[in-house]
Protein chains: 2
Amino acid sequence: MANEYIDIETLKFLLYRVNRLQDVLEMPNYEEYDKDSIDMLLNSAKAFSDKELYPYYREMDENPAHFKDGEIVVHPQVNNYMKVAGEMGFIAGAFPYDNGGLQLPSMVMNALGYIQEAANNHLPGYIGLTIGAAELITHFGNQHLNDTYVPKMLEGAWGGTMCLTEPQAGSSLSDIITTATPDGNSYKIHGQKIFISGGDYQGAENIVHLVLARIKGAPAGTKGISLFVVPKNRPNEDGSLTPNDVQTVADFEKMGQKGYCTTHLFFGDKEDCQGWLVGEAHKGLKYMFLMMNGARIAVGRGAAAIATAAYHASLNYAHERAQGRKLASTGKKDVNQEQTLIINHPDVRRMLLLQKAVTEGSLSLVFLTAKYHDYSVSHTDAEQREKYKLLLEILTPVVKTYPSEMGKVAVDNGLQVLGGYGFCSDYILQQYLRDIRIFSIYEGTTGIQSQDLLGRKITMENGKALQLLSEEITKSIKAGMAHETLSPYAKKLGEKLELTQKVLQSAIGYAMKGDYERFLADATPFMEFFSNILVGWLWLDMAREAQQALANGATEHSTEFYESKTHTMEFYYTYELPKTTGLAEIIMNRKSLTVGSDKKVFG
Amino acid sequence: MANEYIDIETLKFLLYRVNRLQDVLEMPNYEEYDKDSIDMLLNSAKAFSDKELYPYYREMDENPAHFKDGEIVVHPQVNNYMKVAGEMGFIAGAFPYDNGGLQLPSMVMNALGYIQEAANNHLPGYIGLTIGAAELITHFGNQHLNDTYVPKMLEGAWGGTMCLTEPQAGSSLSDIITTATPDGNSYKIHGQKIFISGGDYQGAENIVHLVLARIKGAPAGTKGISLFVVPKNRPNEDGSLTPNDVQTVADFEKMGQKGYCTTHLFFGDKEDCQGWLVGEAHKGLKYMFLMMNGARIAVGRGAAAIATAAYHASLNYAHERAQGRKLASTGKKDVNQEQTLIINHPDVRRMLLLQKAVTEGSLSLVFLTAKYHDYSVSHTDAEQREKYKLLLEILTPVVKTYPSEMGKVAVDNGLQVLGGYGFCSDYILQQYLRDIRIFSIYEGTTGIQSQDLLGRKITMENGKALQLLSEEITKSIKAGMAHETLSPYAKKLGEKLELTQKVLQSAIGYAMKGDYERFLADATPFMEFFSNILVGWLWLDMAREAQQALANGATEHSTEFYESKTHTMEFYYTYELPKTTGLAEIIMNRKSLTVGSDKKVFG
């Protein structure tokens, strides 16, 4: 099973060498960890994933979660996974010692999550949302809520969810209508939520829902939304549980991630659903979004993981499948020759290199963003924390989107490598393709992320975040210019950075005139443009680290390993980065063809 | 059900006005038809599709074809469809009067096929392959084969297939090993074939397989392959049938097109499988490929049809779903406003316009290629026939590929319009996305088509086909330059035509040096580049026809209809055509990063 779904060497190269986890471990918060202890964690996560995740991947697709007799039937491994992952510390890892956690850096938690998701993306979401829900309680809940729920959640005994979406609201959270009516020291909750991942399943002892709702009389819009803990079962003083009128009414059947249930919940249908306010009233959405950076990194990481597993599946196939022959100098093939392995065909190599470039670029982006997160919470210098907070903010919509969108393209190329077999259920590529499709929708669609990037993050604090990011990129360009092999690429990156300025000036012109609709109309092509350049930056760094390792005679990885990184960087700059030229043309157009008018443009 | 899956007005606009079917009907071969009779046919195909195809689309996905007790269980509508489609003339339409056909132009057959495939792409393949198999017999088979098989096939009583692929060969047809041993006036066939669409199903009276095999002692490679008629059941003199030792051993389960069976067949496992040679020995592959243009147009058409149906599904959703609000000049939203329909959001409009641009561009490409086909067979002037033959040859790989590749992107955007619902099985977009995925693999993958385009079609007869195509495009540019509204776009198209020359000069340099591997290494990006520009050309024509119709006060369609065509052309030139700038950079690179070497580039 080694290298079946992941290349642990690349993970370590990106974690330690390129993104310098050791620097993060220097901070007092993480002083109990060193490279050896992290290595042990990574290796145990891989062994765990080989045993508890990878073997169930296909089964969970073939036996989807489904609604039956008022509850949701899931694969039996769901309950087992929650328990074992809890024991392994994969939930507690994310929490401070004070909360009974292991206080691991986000970089490490993301590495652990990535390994598990590459093995089987249908399971880790169950603990991912449990972490998210428990984090909301530990950050904003009172002691009672902490004591009642968090320990059980950290050990994997109780699941957790985030309940945002309602049928009439979708992405528009200001339109949430679930109500909370004061009732002693708690609230009566009434309403329904849809698309609740891990929302309920057979055998779950308890599920702790973190629910957005409106206290009666609250202001309209996002400023009237509060956050509540609403358990499926209310814990009594004696430790027993009482049903809390949270009813599962359906499971959404989906084209992918079929083992990961997606539920439709009714709260308070019998007027007996109690919820407990988290933090202050009307601040629910703010709390939710303070935790959203982590959730969005996790989505990008999941997509990167699926694309990685798909890459290895198609790479393995290409190494085994003989078909066709090399073209001779006559332009013909010699049919008496034996067939060649398809990995020798340039078109197949192009598809594989695209996958490699996208997946490793995505993983490096995940680690970098997680590093910014770690610095933003753990740096001892407040000014540095603020700096990294801004860097985290600007990268968050990108780390959510690039792996989801380009990961989809990468997996699609992976399927194509297999030809007709790729379309067949006997091969796994089609499952990866179906599974990854949700990631550009999860936690804010690509359109929403793109508006966040251009409309908020680029402009925040007078462009401070963008300026800080540009400084980081400029450092890489300077370092790259000093290398003979890298300097043409560093130069190219510099040109793209200038092009970014030009593109932004063009877009921001609209904002200055108060025409926000036109300003943001091409936010999505801008996201594609901007993220493509950022990943180009990361590849330059990866190649530089590989070159330096070679120059220093480093032996952590093989010479071929390091050389392949430089080769993939060249591929990225030759086959991916040029797309930004056309994208810049697209974004700088002044025609506003997508802005609504009275003209009936759909005929 | 009107406009649920297709816009028949756009179909008629593209067929009659843009691609001038009437000119084709002027040719003696088609003199029995006029616009009125074709209109009747189109309308009856739509009514037929509403009744016999569309209602079964979802069912066929939910109840996939599957192998059981030695045969393949399909949806009962398969047998009914074959029969009714036969009665309607949808099979016979493709054949000359002499063969008992209706002698319809390919343009019309493609229009009829497109309507049916938009309604339900799981069914028309059954008649599509029956047409293909019968065409091989009528073109190359002797009178006895014609008399024995063709009438039954044209009435839909017997199905037909094309049996090319074998497990060890895949796209590499020179490696076919199925054998044919002379046995009186027929041959004993022995071997296996995979991925045989419509290869066998419960209730089929007979299936006529057109099988590629090697006569014992034949030369190696493609020049030793012959074509045989191998029926599932041998017809006896008295009309009775005797089983012919063609055994169905499996049905491939797939991620999409689940209602369209894909079989694995054994021929002659009991040494009792008879086949009859079609035409001369060793010319089988040539015959097969003489019929391949039609099959490849059909694949592109099917993809265009699916993308069309997906477009209408997402357009309808966007017209009904309220969510979010317009941005005010403060950059904020007024939460007290009612939610707006999502069709008013620029990002949603962008996704819908992309779908419209791709699907209508694809359909026009299908009709244009079919028109070239009609002229190439029916023009009274041999020189003109030769000219259109070349135009058909160069467009064939493009018409197969563009709708398949960009149709996939269009459907993906369509799914995204629905947000989370798009991923759910309750909505149809996910089925379209799964179904369309096979089209870039069918009948030669995108990689194969791209090599055909660059390696054969562009260079054939010293570039004659490309020269003829450039002349056609230049005519459109000249006509466009004369229109005030269109001239900037016509100019842009001229620039892209020049860029094409530059890109080709760069690539052909390798071929001149005999380095065919490097010449063709970037054939796939070249296909993307070239087809993007060709569809830009078609949109210029569509907009010009729309403008002329408006100028002439034409009333076939509404003013809004015509204006929407110009708007979509502008969208295409603003959001799609600029991609060719980056693609040109990619193709003109000189790094050969995808050409195999001893370097281990995958780490």
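That block above? That's the structure.
What comes next is a walk through the structure. The model shown is predicted, which means the values in this text are computed figures rather than measured ones.

1. Focus: a negative patch on the surface
Point 1. On the surface, a cluster of negative charge is contributed by A:Glu59, A:Glu62, A:Asp426 and B:Glu253.
Point 2. Position of A:Glu62 relative to the elements: it lies in helix H4 (residues 57-62).
Point 3. When its relative accessible area of 52% is taken as the criterion, A:Glu62 is described as exposed.

2. Structural notes on the packing of helix H6 (residues 106-119) of chain A against helix H10 (residues 292-320) of chain A
Residue and element names in this part refer to chain A.
Point 1. One can describe the packing of H6 onto H10 by two numbers: an axis separation of 8 Å at closest approach and a directional angle of 45°. By the angle class used here, H6 and H10 are oblique. Pair H6 / H10 crosses with right-handed handedness. Judged by residue contacts, Met109, Asn110, Gly113, Tyr114, Glu117 and Ala118 of H6 engage Ile297, Ala298, Arg301, Gly302, Ala304, Ala305, Thr308 and Ala309 from H10.
Point 2. Within the contact of H6 with H10, the residues separate by chemical class into eight nonpolar, four polar and two charged.

3. Thoughts on helix H11 (residues 346-378) of chain A
Point 1. Under the 1.5 Å per step criterion, the end-to-end length of H11(A) is 47 Å for 33 residues, consistent within 8% with the ideal 48 Å.
Point 2. In terms of burial, H11(A) is a largely internal element, 31 of the 33 residues being buried.

4. What about the packing of aromatic side chains?
Point 1. Counted by the stated rule, this structure contains 50 aromatic pairs over all chains.
Point 2. Their ring planes at 35° and their centres at 5.7 Å tell us that B:Tyr372 and B:Tyr388 sit as a pair that is tilted. Here B:Tyr372, found in helix H11 (residues 346-378), pairs with B:Tyr388, found in helix H12 (residues 382-417); they are 16 residues apart in sequence, far enough to count as distant. Per residue, the accessibility class of B:Tyr372 equals that of B:Tyr388, and both read buried.
Point 3. A ring pair is formed by B:Phe561 and B:Tyr562, whose centres lie 5.7 Å apart and whose planes are at 85°; its orientation type is edge-to-face.
Point 4. Every member of this aromatic cluster is reached through a ring pair, and the members are A:Phe195, A:Phe252, B:Tyr317, B:Tyr421 and B:Tyr427.
Point 5. Positioned over the ring face of A:Tyr16 is A:Lys35, at 4.5 Å from the centre of the ring.
Point 6. When the ring centre of A:Phe561 is taken as origin, the NZ or CZ atom of A:Lys565, which lies over that ring, is 4.3 Å away.

5. A few points about the layout of surface pockets
Point 1. Size it by volume and the second largest pocket reaches roughly 930 Å³.
Point 2. Surrounding the second largest pocket, 38 residues form its lining, A:Pro64, A:Lys258, B:Asp61, B:Lys258 and B:Arg434 being those nearest its centre.
Point 3. Where the lining of the second largest pocket is concerned, the elements lending two or more residues are H4 and helix H13 (429-436) of chain A together with helix H4 (57-62) and helix H13 (429-436) of chain B.
Point 4. For the lining of the second largest pocket, the per-class residue count stands at 11 nonpolar, nine polar and 18 charged.

6. What to know about the packing of helix H1 (residues 8-18) of chain A against helix H19 (residues 559-576) of chain A
Residues and elements named next belong to chain A.
Point 1. Between H1 and H19, whose axes approach to 12 Å, the crossing angle comes to 75°. Here H19 runs roughly perpendicular to H1, going by the angle between their axes. For the pair H1 and H19, contact is made by Glu9, Thr10, Phe13 and Arg17 and by Phe561, Tyr562 and Lys565, respectively.

7. What to know about the interface of chain B and chain A
Interfaces are often sized by the accessible area lost when the parts come together.
Point 1. Between chain B and chain A, the contact holds 100 residues from the first and 100 residues from the second.
Point 2. The junction of chain B with chain A conceals about 8,700 Å² of combined surface from both sides, 60% of it contributed by carbon and sulfur atoms.
Point 3. Taken as a group, B:Phe423, B:Leu593 and B:Phe602 account for 11% of the area that chain B buries against chain A, more than any other trio of residues on that side.
Point 4. Summed over the shared surface of chain B and chain A, the result is six salt bridges.
Point 5. Between A:Arg325 and B:Asp175 there is a salt bridge whose closest N-O contact spans 2.6 Å.
Point 6. Between the two partners, chain B and chain A, sit 32 residue pairs in polar contact (both at pLDDT 80 or more).
Point 7. It is helix H19 (residues 559-576) of chain B that contributes the most residues to the side of chain B that touches chain A, nine residues altogether.
Point 8. Taken together, the residues of the side of chain B that touches chain A sort by class into 38 nonpolar, 38 polar and 24 charged.

8. Describing the pattern of salt bridges
Residues and elements named next belong to chain B.
Point 1. One pass over the full model with this rule turns up 72 salt bridges over all chains.
Point 2. Put simply, Arg17 and Glu556 hold a salt bridge, and the shortest N to O gap is 3.6 Å. Taken together, the positions of Arg17 in helix H1 (residues 8-18) and Glu556 in the loop between helix H18 (523-551) and H19 put the pair 539 residues apart, joining distant regions of the chain.
Point 3. Accessibility expressed as a relative area gives 49% for Glu556, which makes it partly exposed.
Point 4. In this structure, Glu472 and Lys475 form a salt bridge, with 3.1 Å as the shortest nitrogen-oxygen distance. With Glu472 and Lys475 both in helix H15 (residues 460-481) and three residues apart, the pair spans about one turn of that helix.
Point 5. Under the relative-accessibility criterion, Glu472 is labelled buried at 15%.

Scoring rules and cut-offs
Residues numbered from 1 in each chain as written. Chains lettered and ligands numbered in written order. Predicted model: local features only at pLDDT ≥ 70, side-chain atom pairs only at ≥ 80, totals over all residues. Heavy atoms only, no water. Patch = residues over 30% accessible without salt bridge, like charges linked within 9 Å, V, L, I, M, F, W, Y side chains within 5 Å. Areas by Shrake-Rupley, 256 points an atom, 1.4 Å probe, with all protein chains shown as cover. Salt bridge = Lys/Arg side-chain N within 4 Å of Asp/Glu carboxyl O. Lys, Arg positive; Asp, Glu negative; His and termini not counted. Charge placed at Lys NZ, Arg CZ, Asp CG, Glu CD. Helix = DSSP H or I, 4+ residues; strand = E, 2+ residues; numbered from the N terminus. Buried < 20%, exposed > 50% of the residue type's maximum accessible area, 1.4 Å probe, protein only. Axes fitted to C-alpha atoms, helices over the stretch in contact; angles between N-to-C directions. Parallel < 35°, antiparallel > 145°, perpendicular 65-115°, else oblique. Left-handed = near helix turned anticlockwise from the far one by under 90°. Contact = heavy atoms within 4.5 Å. Nonpolar A, V, L, I, M, F, W, Y, C, P; charged D, E, K, R; others polar. Expected span 1.5 Å × (residues − 1). Phe/Tyr/Trp six-rings, centres within 6.5 Å; stacked < 30°, edge-to-face > 60°. Lys NZ or Arg CZ within 6 Å of the ring centre and 35° of its normal. 1 Å grid on protein atoms, 1.4 Å probe; cavity = no way out; pocket = protein on both sides within 12 Å on 5 of 7 lines; lining within 4 Å. Points joined across faces, edges and corners; volume = space filled by probe spheres on them. Buried area = accessible area lost by both parts, 1.4 Å probe. Polar contact = N/O pair within 3.5 Å; in protein donor to acceptor, adjacent residues only side chain to side chain.

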